[in-house]
Amino acid sequence: MVWVAGGGLAAVLLGALILIVVILSNGLVVFWPAPIEQVRLDDGTQILGRRINSENSIGRGLQVRFKTANREFDSQRQDFHWVADDKIASTDLPAECVVLERLANGDFYGFVKEIKSPGLDVKQSGDPFHQLQDALRSMDLHKTEELDPLLRRIEGKTDELNAVKLSRLKGEYRQKQLRNSASHDEKAATALEGNIAELKAVAGELQKDSERLVNQRSKVEESLRQNLAIVLDAQGASRSIALMDVIRVYRPNSMNILAKASHYAAKVWELLTTPPREANTEGGVLPAIFGTVALVLLMAVLSFPLGVLAGVYLGEYARDGFLVRLVRIGVNNLAGIPSIVYGIFGVGFFINSLGHAIDEQFYAYRLAEGRVFHGGGVLWAALTLGILTVPVVIVATEEAIRVIPRGVRESSYALGSTKFQTLIRVLLPLASPGIMTGFILAMARAAGEVAPLMLTGVVSTAGTVPLDGRFPYLHLERQFLHLGFQIYTVAFQTPNSEAARPMVYVITLLLVLIVLLLSGMAILLRNRMRKQLQIKTI
Amino acid sequence: MVTFSQATLTKVKRHDRMARWVVTLGGVVVIVCVLGILLMILGTTLPLFLPARARLLAHVNLPPTVKADAVLAIGIDVASDYSRQTAHILDASGTFHFVDLFSGEVIQDAKTRPSSGTVPTATPKVSEPSSQPTVLAAVRSSPAAYTLRWSDGSISLAEVVLPSLSDKASERPKFLLKNRANVPPDKFGVPREAILYATGDKSSVCAAVYSHDRIVITRQSATEDLSGDETTNAARIVIADTLPGPLTAIALDRSGTMLYAGTANGSLLWWRLGEDRVLDHDILPAFLDKRAVTSLSLMLGDVTLVVGDASGEVSNWFFVVPESERKSSAAERRTASSKKELKKLALIRTLAPHVAAIREIVASPRNRELLIRDESGAATVDVTTSERRLAKFDHVDRLAFSSRGDTIIGLTGDEIKAWHIEGSFFGHESSLHPEVSWKTLLAPVWYEGLSEPEFAWQTTGGDDYEPKLSLIPMIFGTFKGTFYAMLLAGPLALSAAAYVSHFTTPQFRAWIKPAIEMMAALPSVVLGFLVGVWLAPVIRSGLVTLLLALVSVPVVFIIFLLIWEQVRKRPAAERQARSREFLLAALLLIVGVVVASWFSSPLEQRYFGGNVTTWMSKHLGVIYDQRNSILIAFGVGFTVIPMIFTLAEDALSSVPHGMTAASMALGASRWQTLWHVVLPSASPGIFAAIMIGFGRAVGETMIFLMATGSTPNMDLSPFNGMLTLSANIAQEIPGAPAGGTLYRMLFLCAVILFVLTFILNTIAEVVRQRLRKKYGQF
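Residues numbered from 1 in each chain as written. Chains lettered and ligands numbered in written order. Predicted model: local features only at pLDDT ≥ 70, side-chain atom pairs only at ≥ 80, totals over all residues. Heavy atoms only, no water.

Student: Talk me through the overall build of chain B; I want residue IDs and the actual numbers.
Tutor: When you go through chain B residue by residue, the secondary structure sums to 17 helices and 31 strands. Relative to a compact globule of 778 residues, whose C-alpha radius of gyration would be 28 Å, chain B shows 37 Å and is clearly more extended. Judged by the C-alpha coordinates and their principal axes, chain B covers about 120 × 95 × 55 Å. Burial status across chain B gives 51% buried among its 778 residues. (Helix = DSSP H or I, 4+ residues; strand = E, 2+ residues; numbered from the N terminus. Rg over C-alpha atoms; globule rule 2.2 N^0.38 Å. Buried < 20%, exposed > 50% of the residue type's maximum accessible area, 1.4 Å probe, protein only.)

So this is what it looks like as structure tokens:
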């Protein structure tokens, strides 16, 4: 029977191991430049692609799946193709095969034929691949010098325009209020007329400026778009791709290990520092990382002080009676309440009651333009997570304070200190590792929790993030992105889920790393604290 | 000696007092907040269960020009903000009197008359009194349109056009009368009963009963030719069947394809109407005691027929596939249900009875409410599916709904009264959800389109679609998912805990415990993704391997143990294996699975035709869903294993060492000690661990959302998915407008989850506190 019990443990550990291996093996290889095979089939067709997996299906023999990319040129608009293994006549790895990472339509696999770059200062001779690299470098320069300042100015104009519009709305609302009020202050209302007219004029001016800039931008883009890379696909058909749309180009089959490693590093850097592209299936996850971190920090600020306060009350101030026992059971219980229940509480209380009231009170003038706080937002999500994690902090604080030996307290009292002084100078410093453990556990839980966020304001794509350069910089009412929700939405709700899967594994790996790091820290801290306390009590 | 000044001492004391206050206040506030959560969620669900009431909005006297017994019909128009309420009263001269319900004054009079022309044109204004035909009776065709039966034998449809909402409240509303359709006098004379609907802008359908129970259906449609002249085409169907008894009531659906009739001896008849002929008809002896059918009406959507009879009973009928057809195989059933001919009109339910014969039944234009009036003048507002009675009125005549269905107008003697139907919370107004009752939530309900009463949850559909709101499928799904998860997690976690606490060395324990604790931190969205995307195809293709492994792993274990019995006689082997059994067991597990996969492929080829899932659906009738309970067992199981393991391990290792040492000293083996000494004392703790694990599994959301397919089915098969309370909340709340029925229903789901986990956790907590006390003395 001991063996059966051992079998149980073995199954659990094996399961955990498989889990880790699946996440690691799928997540780590995504950015590694895998070789591209040129496959010649029996019927003469050629395929250029990466071997993904093979499956032995009954009646049809071994089937191999290739990622062939070139989505927009494919007759079925597919990235992936199944090929019967016995139909493959020959395969080889052409060294000059290139991968073009593009802004739209995913990757392009093929061969570089020539570069047409009238607007760029590139030598028109030599190896086409190096020519292409040079051209891309020069294109980047042009983009940063000509296009980016324009884009920044357009953005600035849009901001100004929005600000002016809000002031105008405020003015109009005030005017309406004055006219409808009992005193019927027509004079003041008319006085506002001038202001409003002025704002309207400013808005018109800004609109014109902005249109001019947009025109200018499209002209610049048009001239940059003249620069083309002429490439050949697997069938030898020649395609032209605008250099503007190309992010990166590499030859996976002729890269050495060092080049591959640097490519890998560049991709990881891109993941951590850029926003997503193509409906979250490519590019980075910076907004999601930012959203997750902002959410967890905001949650910590909102909930930890309260949790510690309640924990100190229960552990040090409350007299042990029936009521306190009941409260303790209640708090322990709350830690076990499903997170979705907290989520729906957030919807009912924060969004539909508090948010509604705030909107009616302060933002009545702009409600016609859309709700402000009466809808999901990072503040409400953080508050919801806050009440979700408060029990964890309470329990940890109370436990950390209660395990401090009586003698410590008594000696402090004996020296004449008050209860408050004992708490601040003696008990809290001693309990701080325990409280910290509670904090970290709460943060780990908050970072991995998705269900309540789905109800209180997480989105998969956002035009705006909660933090930007505009006053008041931190926009608590805005919706946000979250790593956990990104997994759900990219894996289950993108149309091209097959192509998106590598990205999901990468995000999963990232989230698991963050959460395991946090909880590993907590466990380490707790173990160290236990040892310390043991030493102290002896 | 250090001395303090008095000032310092007071300051310190003040700080202490302040701190005590702040800390106590903070603690109490947190606890109150936390209680507030439950109250808030409960408060949101409360309106679902509140009783209804009819609040009298207004009562005014009839205008002096109108006699009470001359009133043929009454209606009400309510502005959306209730700022304007107007009644319209039709008298025998064909005049509509518009009365303001606040002041009682007549705003406007408008007269209609049967137009002899083919197409109704301009609005007839108040005209000269002459030898005009009079209106014999008026039947409501829609909340603001009436079928008027004239003394000259013609039938017309008069519609009251309500003032548009953009009209300023200060201005006096202007009502218009529009003659939507006309049926000229028929050669059979003056009809006894008639109902006329406008089926399009210029088309209409009319059913009229003439003497000798002849029924005439008239379809009219106007077409415009090239020169702009309109010609009216009329198709006429005459039904002169021999009937089982004298006709007492008819009902026609709004498209004019189904005609129902009731007779004085308790029969129901129906005809399916084509363009110009009867396609199909049937006679149904509805009431065996031959009581007369006194009133017929069609509910919103024209599917359910409401029958009122002479004994005061009101029953619902619609077409269902008869039982004999349902017993045929699934494939045949599918084709059968598409053919309406196979369906039979069946009695669905009988509502709470009235004391006198039913006089009139008015169906709500918005929901499943009915206004039922009987001969004694008593009237009720009943909801069919939830079988709730919302309100009751005495001595009323001529009842009608407003177009939004929440206001009712009626005539009591010389008085016009209007009521608002609403929820009542200790005398205060609250929102009303008539479609919800304990019965709809917890009992099978026979909804339209179902062939029998069912527990159904379905909230999206067309315009006059009725949401199906049974909680049972979700509660069932929650328990089903939890059951399968616990089936995997319980034994694994407990045996692992037993092994780690008593059979292994402290060195192994020191890294196994944190490793499993780290597993607890794994976000459930990650598990949901892996299970839904990575594991689902693995299980699908390896189903035989999985089932085979259930046999092969024990077999491998038994074979090994038989060998081990021989090997262990050598003390060196015994010593080597002791406390490291789990490493070898892992190897055995792998061997078992490899053996299973070795055998599975030939087995599948030989016995299951190469694909076990198609074989299952063909031979066992078991459908294999891509997202199923096996996935849930693995996914949710893995989230609760660490929790159960940690708590159970704590309970097992907190059993005092003296007890195990004593047992071992008496010669008991390690297993005997665990089974007979440790387990009995630790059993409350283990029970608590399972309870808490159960609570966690019940509330899990993301895995259920990502790996179940969210289908509200109700069978225990491990190869099907399920819909759980938690996944349902996450899925439907974005589409639930605040304050609506669905919104409150989702809050109710949350309450159930809350209460369920609260009970489980409280039991666990009480047990654990007791356990702590018990071992505190050692």
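Student: Requested: an account of the overall build of chain A, with residues and values cited.
Tutor: Helices and strands together make up the secondary structure of chain A, namely 13 helices and twelve strands. Taken over the C-alpha trace, chain A has a radius of gyration of 31 Å; the compact-globule value for 538 residues is 24 Å, which it surpasses by more than 25%. Taking the principal axes of its C-alpha atoms as reference, chain A extends roughly 95 × 90 × 45 Å. Within chain A, the proportion of its 538 residues that are buried is 49%. In chain A, once contacts between residues fewer than 6 apart in sequence are set aside, the share between residues at least 24 apart is 66%. With the model as given, the accessible surface of chain A reaches about 25,800 Å², and the carbon-plus-sulfur share is 58%. Taken as two groups, the 56 positive and 51 negative side-chain charges of chain A have centres that lie 8 Å from each other. (Contact = heavy atoms within 4.5 Å. Areas by Shrake-Rupley, 256 points an atom, 1.4 Å probe, with all protein chains shown as cover. Lys, Arg positive; Asp, Glu negative; His and termini not counted. Charge placed at Lys NZ, Arg CZ, Asp CG, Glu CD.)

Student: Hey, could you go over the interface of chain B and chain A for me, with residue numbers and the actual values?
Tutor: The partner chain A presents 75 residues to the 82 residues of chain B that form the contact. Surface buried jointly by chain B and chain A totals about 7,100 Å² across both partners, of which 83% is contributed by carbon and sulfur atoms. Among the residues of chain B in contact with chain A, Val23, Met518 and Phe529 of chain B are the three that bury the most area, contributing 8% of the side total. Where chain B touches chain A, the interface holds zero salt bridges. (Buried area = accessible area lost by both parts, 1.4 Å probe. Salt bridge = Lys/Arg side-chain N within 4 Å of Asp/Glu carboxyl O.)

Student: Give me the lowdown on helix α3 (residues 186-225) of chain A, citing residues and values where you can.
Tutor: In an α-helix, one full turn covers 3.6 residues, which means residues spaced three or four apart are oriented alike. Between its first and last C-alpha, α3 of chain A extends 57 Å over 40 residues, near the 58 Å set by a 1.5 Å rise per residue. The secondary structure elements touched by the buried residues of α3 of chain A are α2 (128-180) of chain A. (Expected span 1.5 Å × (residues − 1).)

Student: An account of the pattern of salt bridges is requested, with residue identities and associated values reported.
Tutor: All names here are of chain A. Applying the stated criterion to the full structure yields 34 salt bridges over all chains. In this structure, arginine 406 and glutamate 410 form a salt bridge, with 3.0 Å as the shortest nitrogen-oxygen distance. Here arginine 406 pairs with glutamate 410, and both are found in helix α9 (residues 406-414), just four residues apart, close to one helical turn. In this structure arginine 406 comes out as exposed when scored by relative accessible area, which is 63%. Owing to a relative accessible area of 40%, glutamate 410 belongs among the partly exposed residues under this scheme.

Student: Give me the lowdown on a negative patch on the surface, citing residues and values where you can.
Tutor: On the surface, a cluster of negative charge is made up of Asp42, Asp43, Asp85 and Asp86 of chain A. Position of aspartate 43 of chain A relative to the elements: it lies in the loop between β1 (37-41) and β2 (46-57). (Patch = residues over 30% accessible without salt bridge, like charges linked within 9 Å, V, L, I, M, F, W, Y side chains within 5 Å.)

Student: Give a detailed account of the sheet that holds strand β12 (residues 214-224) of chain B, specifying residues and quantitative values.
Tutor: Residue and element names in this part refer to chain B. Ordered in space as β10-β11-β12-β13, the four strands form an open sheet in which the pairing is antiparallel. Across the chains shown, the open sheet's two edge strands, defined by having one partner strand only, are β10 (193-198) and β13 (230-239). Taken pair by pair, the neighbouring strands of this sheet meet at an average axis angle of 15 degrees, ignoring direction. Of the pairings in the sheet, the one linking β12 to β13 comprises ten bridges and is antiparallel in character. By the bridge assignment for β13, arginine 219 is matched with alanine 235. (Pairing = 2+ DSSP bridges. Axes fitted to C-alpha atoms, helices over the stretch in contact; angles between N-to-C directions.)

Student: Summarise the packing of helix α7 (residues 524-541) of chain B against helix α12 (residues 629-653) of chain B; cite the residues concerned and give the values.
Tutor: The relative placement of two packed helices comes down to the angle between their axes together with the axis-to-axis distance. Residues and elements named next belong to chain B. Interaxial distance between α7 and α12 falls to 9 Å at its minimum, and their mutual angle equals 150 degrees. Between α7 and α12, the crossing angle belongs to the class labelled roughly antiparallel. Pair α7 / α12 crosses with right-handed handedness. The segment α7 lies against α12, with Ser524, Leu527, Val531, Leu535, Ala536 and Ile539 engaging Ile630, Leu631, Phe634, Gly635, Phe638 and Thr639. The class makeup of the residues in the contact of α7 with α12 is nine nonpolar, three polar and no charged. (Parallel < 35°, antiparallel > 145°, perpendicular 65-115°, else oblique. Left-handed = near helix turned anticlockwise from the far one by under 90°. Nonpolar A, V, L, I, M, F, W, Y, C, P; charged D, E, K, R; others polar.)

Student: Talk me through empty space enclosed by the protein; I want residue IDs and the actual numbers.
Tutor: This structure, assessed with the given rule, holds two cavities of 30 Å³ or more. Its volume calculated, the largest cavity comes out at about 40 Å³. Together, Met299, Thr304, Asn316, Phe318, Arg349, Arg368, Thr384, Thr385, Trp446, Tyr447, Glu448 and Glu466 of chain B line the largest cavity. Considered class by class, the residues forming the lining of the largest cavity number four nonpolar, four polar and four charged. Of the pockets and cavities examined, the second largest cavity occupies roughly 30 Å³. As for the second largest cavity, its lining consists of Lys67, Ala69, Arg71, Asp79, Gly106, Asp107, Glu282 and Ala499 of chain A. Residue composition of the lining of the second largest cavity, grouped by class: two nonpolar, one polar and five charged. (1 Å grid on protein atoms, 1.4 Å probe; cavity = no way out; pocket = protein on both sides within 12 Å on 5 of 7 lines; lining within 4 Å. Points joined across faces, edges and corners; volume = space filled by probe spheres on them.)

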